[in-house]
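Survey of secondary and tertiary structure
Read off the chains here:
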Amino acid sequence: MRIFRAVMIGVMLLGLAGCASKFQRYSGPEVTRVVVFKQDRKMHLLSNESALKSYDIGLGFAPSGHKSVEGDGKTPEGQYRIDRRNPNSEFHLSIGISYPNTEDRARALAVGQRPGGDIFIHGRPRKNRKGGRDWTAGCIAVSNREIEEIYAMVRDGTPISIYP
C-alpha cells in the first residue's frame, strides 16, 4: 500500500510540473527602457538609469550594420519601441520592435527595395535550439526561459535603443 501511495504521489507531482505556464508575473520596478549593444551581444532592461537584468543575445545571420532591406539578415540599429506581443509565437514567446520607422522605409525605398519587418525579441524554436549565436532573420534571440522573464517585465510602448 505504501508503494502504491508513493507511486501515485509521484505521478501527481509529474502531472503538476507539466502544468507550468510560460507566462510569468512581474511586480518589480518598471522597465523604462531596453538597451541593446549588438557588438557585445548584450541586452539590458533598465529602470531609469539602473540595470534590472542583462542578457546574452543572438542577432540576425549578418549582424554587422543597420538593417536596410528585407532579407539582408541584419538586426536594425536605432530608436524604436516595443509595439506588440505574440503569446503564440513559433519562437516560444515574442515581443515586437517597431521597425521599420519612417527613415527605414525611406532608405529602403531609395534603393528600390522593401525595408522588411516583423523584428522581435524572441526565444528559440526546437529546430534552432542548438544553433549558433547569430541565426535569426534580423531579430534578437534569447533563451526560452529568458523570453518568459522579458515578456513579463517589458510593457508595450517601452523604448528600445539598438546600438552597433
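First, a word on what this report is: a plain description of the structure on this page. (Residues numbered from 1 in each chain as written. Predicted model: local features only at pLDDT ≥ 70, side-chain atom pairs only at ≥ 80, totals over all residues. Heavy atoms only, no water.)

**Here we look at the packing of aromatic side chains**
All told, the structure shown has four aromatic pairs when counted by the stated rule. Their ring planes at 55° and their centres at 6.0 Å tell us that Phe-23 and Tyr-151 sit as a pair that is tilted. In this pair, Phe-23 sits in the loop between helix H1 (2–17) and strand S1 (33–37) while Tyr-151 sits in helix H3 (residues 144–153), placing the two residues 128 residues apart along the sequence. Residue Phe-23 is classed as partly exposed on the basis of its relative accessible area, which comes to 43%. A relative accessible area of 10% means that Tyr-151 is categorised as buried. (Phe/Tyr/Trp six-rings, centres within 6.5 Å; stacked < 30°, edge-to-face > 60°. Helix = DSSP H or I, 4+ residues; strand = E, 2+ residues; numbered from the N terminus. Buried < 20%, exposed > 50% of the residue type's maximum accessible area, 1.4 Å probe, protein only.)

**Description of the nonpolar core**
Counting 25 residues, the largest nonpolar core has Met-43, Ile-97, Ile-121, Ile-140, Ile-150, Val-154 and Ile-160 as the members making the most contacts within it. Residue assignment for this core shows that the elements contributing at least two residues are S1, strand S2 (42–47), strand S4 (78–86), strand S5 (94–97), H3 and strand S8 (159–163). Take this core: its biggest share by element is four residues, from H3. Setting aside residues no more than four positions away along its own chain, Met-43 makes contact with Val-34, Val-35, Val-36, Lys-53, Ser-54, Tyr-55, Ile-57, Ile-121, Ile-140, Val-142 and Ile-150. (Core = buried A, V, L, I, M, F, W, Y, C linked by side-chain atoms within 4.5 Å. Contact = heavy atoms within 4.5 Å.)

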